[in-house]
Amino acid sequence: MIAAGEKEAAYRRVTACMDKIPVDLVADLTRELMNSDFRYLEHSGEQIPIPHIDPGMISLMEVLRKNRFEIYIISASNQVSVRVIGEEYLGLDPGRIFGIDPETGEDRMGRKILTENLKEPAPVNSGKAELYRTVIGGELPLLTAGDSELDFPMLDLVAEGGIVLWRGDEGGFSRLKEQTGERAEVISLKDAGFPGEGSQ
């Protein structure tokens, strides 16, 4: 099992490795992957899942919008891709979509490029909660959702009497219920027929 600190470092490293890649290229590749019918990419004999939007999550967001909820995405993926997906595929305001955000520069051709320098707080592990408090602020969320134990600090922000939606494994669900206690209701979406960790 990979320790949380190693996973956090890996998320940061993946985004930092995009150093010198044009922002427009990252956005275009994100759209290409999202629009593809492929479920996996092959690399060195490994199958790497391509994220796709879960129809159940779209339905949930529609219900939340109808009931005037403000919806935010806080993701440990790179901010360029997260904003393309959130804005173009989920119809969210880009100002409410946050990912790991590299500083940008300009290449010799005048294109905007990513750098290896990441803005803080990077939304990984406790950074998700820190980003919520410093950038979004205001009231605590009535509903939080996640699929990884790196989401626990953010999920723990839920207001008293709120709801935490869990898409991860059974072990994580048990630990999350224990952490949350009686303060909020924790619901496993896997039990409700949603795909599990890493599907989105």
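Up top is the structure.
Given the structure is predicted, the values throughout are model-derived calculations rather than measurements. (Residues numbered from 1 in each chain as written. Predicted model: local features only at pLDDT ≥ 70, side-chain atom pairs only at ≥ 80, totals over all residues. Heavy atoms only, no water.)

(A) Quick peek at the nonpolar core. Counting 17 residues, the largest nonpolar core has Ile-74, Leu-155, Val-164, Trp-166 and Leu-176 as the members making the most contacts within it. Those elements giving two or more residues to this core turn out to be α5 (126-136), α6 (152-155), β8 (163-166) and α7 (170-180). With four residues, the top contributor of residues to this core is α5. (Core = buried A, V, L, I, M, F, W, Y, C linked by side-chain atoms within 4.5 Å. Buried < 20%, exposed > 50% of the residue type's maximum accessible area, 1.4 Å probe, protein only. Helix = DSSP H or I, 4+ residues; strand = E, 2+ residues; numbered from the N terminus.)

(B) Examining helix α3 (residues 55-66) more closely. Here α3 spans 17 Å end to end across 12 residues, near enough to the 16 Å set by a 1.5 Å rise per residue. Turning to α3, its buried residues number three or more, namely Met-57, Met-61 and Leu-64. Buried residues of α3, viewed axially, fall in a sector of 60 degrees; they line one side. Within α3, the exposed residues directed more than 90 degrees away from the buried face are Pro-55 and Lys-66. Where α3 begins, the side chain of Asp-54 points an oxygen toward the backbone nitrogen of Gly-56, at a separation of 2.7 Å. Once α3 ends, the next one or two residues include Arg-68, with phi positive near 65 degrees. (Expected span 1.5 Å × (residues − 1). Arc of directions from axis to C-beta. Polar contact = N/O pair within 3.5 Å; in protein donor to acceptor, adjacent residues only side chain to side chain.)

(C) Broad picture of the environment of Pro-94. Among the secondary structure elements, Pro-94 is positioned in the loop between α4 (79-89) and β4 (97-100). C-alpha of Pro-94 to C-alpha of Gln-79: the two residues are 15 residues apart in sequence and 10.0 Å apart in space.

(D) Quick look at the packing of helix α2 (residues 23-35) against α4. In contact at an axis separation of 9 Å, α2 and α4 are set at 55 degrees when each is read in the N-to-C sense. If you check the angle between α2 and α4, you find them oblique. Considering how the two elements wind past one another, α2 and α4 form a crossing that is right-handed. For the pair formed by α2 and α4, the contact residues are Val-23, Val-26, Ala-27, Thr-30, Arg-31, Met-34 and Asn-35 on the first element and Val-80, Ser-81, Val-84, Ile-85, Glu-88 and Tyr-89 on the second. (Axes fitted to C-alpha atoms, helices over the stretch in contact; angles between N-to-C directions. Parallel < 35°, antiparallel > 145°, perpendicular 65-115°, else oblique. Left-handed = near helix turned anticlockwise from the far one by under 90°. Contact = heavy atoms within 4.5 Å.)

(E) Main features of the packing of aromatic side chains. With the rule as written, the count across this model stands at one aromatic pair. Ring geometry for Phe-152 versus Trp-166: centroids 5.6 Å apart, planes at 65 degrees, classification edge-to-face. A residue pair is termed long-range when its members are at least 10 positions apart, and Phe-152 in helix α6 and Trp-166 in strand β8 qualify at 14 residues. Each member of the pair, Phe-152 as well as Trp-166, carries the same accessibility label: buried. The ring of Phe-98 carries the charged tip of Arg-83 above its face, separated from the ring centre by 6.0 Å. Across from the ring centre of Tyr-72, 5.5 Å away, lies the NZ or CZ of Arg-96, which sits over that ring. (Phe/Tyr/Trp six-rings, centres within 6.5 Å; stacked < 30°, edge-to-face > 60°. Lys NZ or Arg CZ within 6 Å of the ring centre and 35° of its normal.)

(F) Local environment of the pairing of strand β3 (residues 73-78). Pairing geometry for β3 and β4, over three bridges, is parallel. When the sheet's bridge partners are listed, Ile-73 is paired in β4 with Ile-97. Each parallel crossover has a hand, and for β3 linked through α4 to β4 it is right-handed. (Pairing = 2+ DSSP bridges. Right-handed = clockwise from strand over helix to strand, strands pointing away.)

(G) Fine view of a nonpolar patch on the surface. A cluster of nonpolar side chains, namely Leu-33, Leu-41 and Ile-48, defines an oily patch on the protein surface of about 230 Å² accessible area. Looking at the element boundaries, Ile-48 is found in strand β2 (residues 46-49). (Patch = residues over 30% accessible without salt bridge, like charges linked within 9 Å, V, L, I, M, F, W, Y side chains within 5 Å. Areas by Shrake-Rupley, 256 points an atom, 1.4 Å probe, with all protein chains shown as cover. Salt bridge = Lys/Arg side-chain N within 4 Å of Asp/Glu carboxyl O.)

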